[in-house]
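# What the coordinates show
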Amino acid sequence: MRPVAITLVLAAMSACAPKPDQPGAPAPTLEASLVTPAAPGQPTAFPLAGGAWRLATLTGAEIPATIPAVQHPSIEFTPEGRAAGKAGVNRWNGGYVRGDGDALTIDAGAMTRMAGLPEAMELEAKYVAMLAAVKRWRLATPTTLELRDASGAVLATFTR
């Protein structure tokens, strides 16, 4: 009798649980939000989210060969408006705001404060300044991201 009572209670509880499209339903997971189209009236998923972008060029110049690959700057966007990555020697964690079309601003927020080789620290300073200057973005290819200033000039390119 006891197993039947437990089964009936569980069946009743599952019937009362909110369905995914009802108020009170749990939010979709990050993985689901990357592959599920947005609901009508909701913003579309941010195409830059879903993995790290690694710096390829900064103000038209490639990263100096003397800087180890583990210190190459990167950025990762989340659908929730967070951005984080490596600035070179240090890690940063901040946010971004999407505007209409290709409008984008990035706030590097908090950053660790470790010291590194002078060349790596110089690259890091230029990278953080570039993040503050970003006003637009463009996917040149599905695996190449361009961050641009207000005039449309390319500040940096990233690859995935």
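For the structure itself, look to the data block above.
Just so it is clear, the model here is predicted, and its values are computed rather than measured.

### A short note on the overall build of the chain
When you go through the chain residue by residue, the secondary structure sums to 3 helices and 9 strands. Reading the secondary structure of the chain in the N-to-C direction produces α-α-β-β-β-β-β-β-α-β-β-β. The buried share among the 160 residues of the chain stands at 31%. Surface summary for the chain: the accessible area is close to 9800 Å², and the carbon and sulfur share equals 63%.

### Digging into the side chain of arginine 148
Its place among the elements puts arginine 148 in strand β8 (residues 144-148). Given the relative accessible area of 17%, arginine 148 is considered buried. Reaching out from arginine 148, the side chain makes a polar contact with the side chain of glutamate 146 at a distance of 2.4 Å. Excluding its chain neighbours within four sequence positions, the residues that come into contact with arginine 148 are Ala133, Val134, Lys135, Arg136, Arg138, Ala153, Val154 and Leu155.

### Points about the nonpolar core
Counting residues in hydrophobic clusters, the biggest one holds 28 residues, and the most contacted among them are Phe77, Trp92, Ile106, Tyr127, Met130 and Phe158. Those residues within four positions of phenylalanine 77 in sequence are excluded, and the remaining contacts are Phe46, Leu48, Ala49, Gly50, Trp53, Arg82, Ala83, Tyr96, Ile106 and Leu145.

### So, the layout of surface pockets
In this model, the second largest pocket occupies a volume close to 170 Å³. Listing elements by their share of the lining of the second largest pocket, those giving two or more residues are β2 (61-62) and α3 (118-133). If one sorts the elements of the lining of the second largest pocket by residue count, α3 sits on top with 4 residues. Of the residues contributing to the lining of the second largest pocket, the split by class is 6 nonpolar, 1 polar and 4 charged.

### Concerning the side chain of threonine 57
By secondary structure assignment, the location of threonine 57 is in strand β1 (residues 52-58). Side chain to side chain, threonine 57 and threonine 157 meet in a polar contact 2.5 Å long. Sequence-distant contacts of threonine 57, that is, excluding residues within four places in its chain, are made with Glu62, Leu155, Ala156 and Thr157.

### Looking at the packing of aromatic side chains
Following the criterion strictly, the structure yields 5 aromatic pairs and no others. Ring plane angle 25 degrees and centroid distance 4.9 Å describe the contact between phenylalanine 46 and tyrosine 96, whose orientation is recorded as stacked. Here the residue phenylalanine 46 occupies a position in the loop between α2 (30-35) and β1, and tyrosine 96 occupies one in strand β5 (residues 91-98), the gap between them amounting to 50 residues. What makes phenylalanine 46 buried here is its relative accessible area of 4%. Accessibility expressed as a relative area gives 9% for tyrosine 96, which makes it buried.

Each value, and the rule that gives it
- Residues numbered from 1 in each chain as written.
- Predicted model: local features only at pLDDT ≥ 70, side-chain atom pairs only at ≥ 80, totals over all residues.
- Heavy atoms only, no water.
- Helix = DSSP H or I, 4+ residues; strand = E, 2+ residues; numbered from the N terminus.
- Buried < 20%, exposed > 50% of the residue type's maximum accessible area, 1.4 Å probe, protein only.
- Areas by Shrake-Rupley, 256 points an atom, 1.4 Å probe, with all protein chains shown as cover.
- Polar contact = N/O pair within 3.5 Å; in protein donor to acceptor, adjacent residues only side chain to side chain.
- Contact = heavy atoms within 4.5 Å.
- Core = buried A, V, L, I, M, F, W, Y, C linked by side-chain atoms within 4.5 Å.
- 1 Å grid on protein atoms, 1.4 Å probe; cavity = no way out; pocket = protein on both sides within 12 Å on 5 of 7 lines; lining within 4 Å.
- Points joined across faces, edges and corners; volume = space filled by probe spheres on them.
- Nonpolar A, V, L, I, M, F, W, Y, C, P; charged D, E, K, R; others polar.
- Phe/Tyr/Trp six-rings, centres within 6.5 Å; stacked < 30°, edge-to-face > 60°.

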